[in-house]
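Take a look at the letters that make up each chain.
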Amino acid sequence: MHMTLTEKIAADLMAVMKGGDKVALEAIRAAKTAFLMAKSDKGTDAVLTADEELRIIQKLVKQRRESADIYKANDRMDLCDKEIAEATVLEKYLPAKMGEAELENALRAIIEKTGAKSPADMGKVMGTATKELAGKADGKEISAMVKKLLG
């Protein structure tokens, strides 16, 4: 049977607690907490969808990357390295990122499907693209490629 991300994180948390990897422990514990909070927001017997689980992990990775940048700017490399290490642990739960050529092909198909012709149609393409490519490509990368293809 296929494990949900929630189940995988719970299992990995147990393994990491036994293994003693502090960075992984903190990162996975943060993910488990975020999942629990999201579930309680939905109601008692709520179950998170795969998309919701992915969005939570993406958000946690993004927060860690942004914090790392702030720490780096303030010359706190100790904290910067910790945030990057946690982000790296969490990224393992995300689908593999698309390469540039793969992203371009996917976006060309979306542009064709939405009938977009010019930069004025960017919103139409972005709406579809961010849904279809969630977790597979970064929003900034999608946006830049759509601009290039419609420009």
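Residues numbered from 1 in each chain as written. Predicted model: local features only at pLDDT ≥ 70, side-chain atom pairs only at ≥ 80, totals over all residues. Heavy atoms only, no water.

Time to look at the overall build of the chain. Counting its secondary structure elements, the chain contains seven helices and zero strands. Along the chain direction, N to C, the helices and strands of the chain fall in the order α-α-α-α-α-α-α. In terms of overall dimensions, the chain has a C-alpha envelope of 55 × 45 × 25 Å along the principal axes. For the chain, with 151 residues in total, the buried portion stands at 35%. For the chain, restricting intrachain contacts to residue pairs at least 6 apart in sequence, the fraction spanning at least 24 positions comes to 57%. (Helix = DSSP H or I, 4+ residues; strand = E, 2+ residues; numbered from the N terminus. Buried < 20%, exposed > 50% of the residue type's maximum accessible area, 1.4 Å probe, protein only. Contact = heavy atoms within 4.5 Å.)

We now examine the layout of surface pockets. One number sums up the size of the largest pocket: a volume of about 560 Å³. Contributions of two or more residues to the lining of the largest pocket are made by α3 (50-73) and α7 (139-150). For the lining of the largest pocket, the element with the highest residue contribution is α3, accounting for seven residues. Considered class by class, the residues forming the lining of the largest pocket number six nonpolar, four polar and ten charged. Estimates place the volume of the second largest pocket at around 290 Å³. (1 Å grid on protein atoms, 1.4 Å probe; cavity = no way out; pocket = protein on both sides within 12 Å on 5 of 7 lines; lining within 4 Å. Points joined across faces, edges and corners; volume = space filled by probe spheres on them. Nonpolar A, V, L, I, M, F, W, Y, C, P; charged D, E, K, R; others polar.)

Time to look at the confidence of the model for the chain. Caution applies to low-pLDDT regions: their predicted coordinates should not be interpreted in detail. Residues of the chain with pLDDT of at least 70 account for 99%, and the chain-wide mean is 91. Across the chain, element-level confidence peaks in helix α4 (residues 77-91) with a mean pLDDT of 96 and bottoms out in helix α6 (residues 122-132) with 88. (pLDDT = per-residue confidence, 0-100.)

Look at helix α5 (residues 100-114) against α7: their axes get within 10 Å of each other, and the N-to-C directions meet at 60°. As the angle between them shows, α5 and α7 are arranged oblique. As for how α5 packs across α7, the hand of that crossing is right-handed. Residues Glu-100, Leu-103, Glu-104, Leu-107, Arg-108 and Ile-111 of α5 form the contact with α7, whose own contacting residues are Glu-141, Ile-142, Met-145, Val-146, Lys-148, Leu-149 and Leu-150. Residues that form the contact of α5 with α7 fall into these classes: eight nonpolar, no polar and five charged. (Axes fitted to C-alpha atoms, helices over the stretch in contact; angles between N-to-C directions. Parallel < 35°, antiparallel > 145°, perpendicular 65-115°, else oblique. Left-handed = near helix turned anticlockwise from the far one by under 90°.)

Before going further, it helps to examine the side chain of Asp-121. Its place among the elements puts Asp-121 in the loop between α5 and α6. The buried charged residue Asp-121 lacks any salt bridge partner; its closest oppositely charged side chain belongs to Lys-124, at an N-O distance of 4.0 Å. If we skip the residues at most four places from it in the chain, Asp-121 touches Gly-115, Ala-116 and Leu-150. (Lys, Arg positive; Asp, Glu negative; His and termini not counted. Salt bridge = Lys/Arg side-chain N within 4 Å of Asp/Glu carboxyl O.)

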